[in-house]
Structures are given as C-alpha cells and as structure tokens.
Amino acid sequence: MRRTRIVAAAGALTAIALPLVAGAARAPFLPGMDSGERQLTVAAVQGNVPRLGLGFNDQRRAVLDMHVRRTLQLADDVDAGREPRPDIVLWPENSSDIDPLRNPDAAREISYAADRIGAPILVGAVLNNGDGTTTNSVIVWNPGTGPADRHDKAILQPFGEYMPFRDFFRHFSSYVDQAGHFVPGHGDGVVTADNVPIAVATCYEIAFDRAYTTAVRAGGQFLAAPTNNATFSPSEMTYQQLAMTRVRAAEHGRAAVVAATTGVSAIIAPDGTVTQRTGVDVPAALVSAIPLRTEVTPATVAGPWPEYVLSALGAVAVAASAGTGLRRRSAR
C-alpha cells in the first residue's frame, strides 16, 4: 500500500515537474532575431477603427479606408528614407470587411495601397460565398496583379462567428442572430507571399496548438497573427493574445508579426521576446527585419503527444491514489 502511494506521488510530481524542467533546459538555446537562413523586412499596419465595441462593423468602409491611409503614410516614410521598404505587409483581421473579390471599389483601394508600398499585403477580409455564408480570410494581395494565395480561418469562434444550434437558442434570446454565419476553411494555414511560406493563425486560432503546428510543419517560416480586438476594447484580451503569440513564437522557434486593428500590434523574436509594439486605439505601423527559419523545434515535431503522455501520467496517479483510498476503507 505504501509502495502504491509512493508510485502515485512520483507520477504526479513527474507530470508537474517534467515540462518545467524541459522548458528551463531549452530556454538558453532558443533562437533570436539574428538566427535563420535569411532576413526579411516586414511591416504590421494598425489602421485603428472609428468606433470601438460591437458597432465597429457598421463602419466597414471607414475601417478599410483607415488601413489604406496608414499604409500610404508608411509608403511616404519609405520614399523619404525614414523607414526601410518592407518585403511583406500584414494587415489585421477584418481590415476589409467589404469583400474585395466582389467589390471593385474595395479592390481598387487595396491595389493602390499595395502598389504604393511596393510589397504584397496580407489583407484580413470577410468573403461572401453566395449562399449566405462567409469566410474569415487572409488574402495575399500583390502589387500589380492583385489577389493570390489565401488562408480561410479554420477554427471559428462559437457564439460569435457562428451560432451552434441557432434554432434552439433562438427560443431563449433574439441575440443569437447577431452571431455570424461563417464557415471554416480546410487548408494547412500557409500562404505564400514574395516566395516566402508564411504560417497564419487568425485571432482565436492562436489559442489552439494545432493551428501553428500544422502551418509550421507545412513549411511556414514565420508566424503571422492578424487579429481584430476592437470588439473587446478596452479589456485585457489584446494583452492575453499577445502573450499567447509570444508562447507560439518560442514553441516553434519562429519570429511572429501581430497586426491588430486597434492594438496591441507587435514584432516578436523567435525566443518570444517582444522587440517592437504599438499602443492601443491609435493608427500605427511597425517595420522590422525578422529571421526566416526552416529548422523545426522539438515542440513542432512532437505536437500534442507530450500533453497526452503527461495527462495519462496524471490520470494514472489519480487512479492509483483513489484505489489506495478504497482499499484502506475496505480494510477498515
């Protein structure tokens, strides 16, 4: 009986200590901004929105205009030599809620911004599918040629982007119809811009291990994190999401670029260090050289298996402890 208790305690301690020890051992060897096969200059544009809260979607054209305007300002800074010319520009999620594939006016605005900055823009757009559903997409918009590769958000937010059991919940509240009718994409999370494969996880997807794991395994050389935090401002959500992105950067040994509509946008080194960041609720742009990396980390290779093993060890420890308690009560 005593031996069983010792085994159970050892299992529980191992489940707690093993990831802490492994993380501490790995930390000194995490790559920095000077690592990688080559450097790429990226820009994150934070256009801001006219009004915070749920009503920001009512001013879709104004949001697009603000992101175009801030990109043109960045182009002026590049032309004047105040900023280096980016190879790739990242706009936030919902930066064009007007479908630019169906709306020529929106397409012209985005094309003009891409031509002026002289680089492909990853545009966060809501696309209408013609059947009443929509996709939350990131489109590579090239200067001169327009739309190319795209990522359709695969992990959707329930009760926001879609409403599970909509007809059932409508009996209890009319607010269910404020939820969207988004449908998930089925890609691997990689888009290619300027011949660079980029791992994309949009907003809510960052919370799930499989989003970036799948994209990095598919060849993503840096992490793009477009997000829209206007609905949640002023809350701690944007800082929580930034922290999650820092974890993802260190997890996969990839630089990360966060572009948020209202902030915080950031440039994150492959070791999780924030090298640049914006304020909130202001237009802003960040420009930085980041490393492109193809080497994969143990976390990328292992995926969820360490979690499965540690969970199993914890379950065995709990079961052993419960069994010991039952035998003791039976003996009495």
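So, how was this worked out
- Residues numbered from 1 in each chain as written.
- Predicted model: local features only at pLDDT ≥ 70, side-chain atom pairs only at ≥ 80, totals over all residues.
- Heavy atoms only, no water.
- Helix = DSSP H or I, 4+ residues; strand = E, 2+ residues; numbered from the N terminus.
- Buried < 20%, exposed > 50% of the residue type's maximum accessible area, 1.4 Å probe, protein only.
- Phe/Tyr/Trp six-rings, centres within 6.5 Å; stacked < 30°, edge-to-face > 60°.

This next bit is on unusual backbone geometry. Here the residue pair Gly263 and Val264 is connected by a cis peptide bond, since its omega of 0 degrees sits within 30 degrees of zero. In this fold, Val264 is placed in the loop between strand S9 (256–260) and strand S10 (266–268). With a phi close to 55 degrees, Asp194 is a non-glycine residue in the positive phi region. In this fold, Asp194 is placed in the loop between strand S6 (190–193) and strand S7 (196–200). Classification of Asp194 as partly exposed rests on a relative accessible area of 38%. Phi is positive for Cys203, which is not a glycine, with a value near 50 degrees. Here Cys203 shows up in the loop between S7 and helix H5 (209–217). Take Cys203: its relative accessible area is 9%, and that puts it in the buried class.

Before going further, it helps to spend a moment on the packing of aromatic side chains. The final tally for this structure, using the stated rule, is five aromatic pairs. Between Phe159 and Phe169, the aromatic rings sit 6.1 Å apart at their centres with planes inclined by 70 degrees, giving edge-to-face as the arrangement. Here Phe159 is found in the loop between strand S5 (146–152) and helix H4 (166–169), whereas its partner Phe169 is found in helix H4, with 10 residues between them in sequence. You can call Phe159 exposed: its relative accessible area is 53%. Take Phe169: its relative accessible area is 29%, and that puts it in the partly exposed class. Among the aromatic residues, those joined into a ring-pair cluster are Phe159, Phe168, Phe169 and Phe172.

Purely geometric numbers; function is a separate question.
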